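Descriptive structure summary
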Amino acid sequence: MWEEGATFAASCMAMVEKAAPVDKNTPLLSVRDLLVRFKLRDGLSAALSRGPTYLKAVDEVSFDIGRGEVLGLVGESGSGKTTIGKAILRLYEPQSGSIVVNGVDITRMGDRALKRYRRDLQMVFQDPLSSLNPRHTVRTSLRTPLLLHKICPPSEVEKRIDEALTRSGLSPVFKARYPHELSGGQLQRVAIARALTMSPGLVVADEPVSKLDVSVRAQILNLFKDLQTKFGISIIFITHDLRVARYLCHRIGVMYFGKLVEIAPVEELFTAPKHPYTKALLGTVGAEGESLDGAQVAGEAFNPAADTTGCRYYARCPMRVDRCKTAHPPMETIKSGHDIACYEWRRS
Ligand SMILES: Nc1ncnc2c1ncn2[C@@H]1O[C@H](COP(=O)(O)OP(=O)(O)OP(=O)(O)O)[C@@H](O)[C@H]1O
Ligand SMILES: [Mg+2]
């Protein structure tokens, strides 16, 4: 049986007996003050004479995702989008902050509970080949996690695989194929089907269409749209392509060198952006919103290894004032669902 919708909530609740009762209006996921830093390579660290030895890839980021919501994360290369996705899956350990799912802070979870949590949260990557074993048939790739996590009785595994493939737009005959026998679009469908077999409540999709031919991109995007509308799955959709984000997402978060600078309902972001960086980004790619690949916002870029407490957009910002240099503006809610980190947004 395909367990739609409530599976994720149910298993998270089962994990921690004392968890607060789940209110359907509370967010599925709340990220608060998330900090993920990486040690700089020795060479880079030495080159910065008095510089820090760490790079803050994600710096005190906070946001919520509602049930059945698609949240887009956009920003230039290196802004920390993938790091956020991996931290939510605890593939990266955050240094501080919390990631709360249905009242349970998963940053404090032990290994056993974490294993259970991970099956409810799936990630789909840019390159599906990297997550599929080239020597395994599609059947084996989909069957292994089902058996490992004891998702269903062994007698039902085959049926579950067939259902997931069908929902991903592939006939069950693909079970016998190897990855090298599939096109890029078919491979991504297999990766999505594998995620679906686990009945996830949240899928983190990291640039899942950017490597596909233009002709199959729309099909895969529509598949994600179906997952959200038919099965109520929440999705974090990481993309460079603002058109894609506008088509698929309910809200969009804009990242700039580890900081979330603005998050807003999709049409509000496109028609009335408030952060100077969001405006510059939309200006760079045109009113209709295009790919951020190669997009260049004017001015000197922030040095991610610099140990600054000020706003990371300071050097490029046309609206900067003195205090932006010393303290990064906190996130401020300016409207329901619309948060912004800028002292001067009212001037815009
Ligand atoms: N495992 C790691 N070790 C060291 N530094 C890392 C690691 N992963 C990411 N980084 C650094 O953290 C910063 C954020 O990287 P991240 O991959 O999250 O960016 P991104 O927004 O996903 O970029 P892209 O759009 O190119 O995929 C970058 O400066 C990157 O070099
Ligand atoms: Mg990335």
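See the structure above.
Residues numbered from 1 in each chain as written. Chains lettered and ligands numbered in written order. Predicted model: local features only at pLDDT ≥ 70, side-chain atom pairs only at ≥ 80, totals over all residues.

1. As for the packing of helix α6 (residues 157-167) against helix α7 (residues 184-197)
The condition is simple: Between N-to-C directions, angles cover 0 to 180 degrees, with each direction set by a line fitted to C-alpha atoms, over the stretch in contact for helices. By definition, any uninterrupted DSSP run of H or I lasting at least four residues is a helix, any uninterrupted run of E lasting at least two residues is a strand, and each is numbered from the N terminus. Each angle receives one of four descriptions, namely roughly parallel if under 35 degrees, roughly antiparallel if over 145, roughly perpendicular if within 65 to 115, and oblique otherwise. Put simply, a crossing is left-handed when the front helix is turned counterclockwise from the back one by less than a right angle, and right-handed when it is turned clockwise. The contact criterion used is a C-beta to C-beta distance within 7 Å, with each C-beta placed from the backbone. Just so you know the grouping, Ala, Val, Leu, Ile, Met, Phe, Trp, Tyr, Cys and Pro go in nonpolar, Asp, Glu, Lys and Arg go in charged, and all remaining residues, Gly too, go in polar.
Here α6 crosses α7 at 130°, and the two axes come no closer than 8 Å. One way to sum up the angle between α6 and α7 is to call them oblique. The way α6 lies across α7 gives a crossing that is right-handed. Here Arg160, Ile161, Ala164, Leu165 and Arg167 of α6 come into contact with α7, specifically with Ala193, Leu196 and Thr197. Looking at the contact of α6 with α7 residue by residue, the classes come out as five nonpolar, one polar and two charged.

2. A closer look at the site of ligand 1
Threshold: The rule is simple: place the C-beta atom from the backbone, and if it lies within 6 Å of a molecule or strand, the residue is near it.
Taken together, the neighbourhood of ligand 1 is formed by 12 residues, with Phe38, Ala57, Ser77, Thr82 and Thr83 sitting nearest. Counting only elements with at least two residues in the shell around ligand 1, the list comes to β2 (54-65) and α3 (81-88). Residue composition of the shell around ligand 1, grouped by class: four nonpolar, seven polar and one charged.

3. A word on the sheet that holds strand β11 (residues 332-335)
Under the convention used in this document: A pair of strands is labelled paired if DSSP reports no fewer than 2 bridges between them.
Across the sheet, eight strands lie side by side as β6-β7-β8-β3-β9-β10-β12-β11; this open sheet has mixed pairing. Of all the strands in the sheet, the pair left with one neighbour each is β6 (121-124) and β11. Averaged over all adjacent pairs, the angle separating strand axes in this sheet is 20°, with direction ignored. Pairing between strand β7 (residues 202-206) and strand β8 (residues 234-238): five bridges, direction parallel. Residue pairing in the sheet places aspartate 206 in a bridge with isoleucine 238 of β8.

On their own, these measurements won't tell you what the molecule is for.
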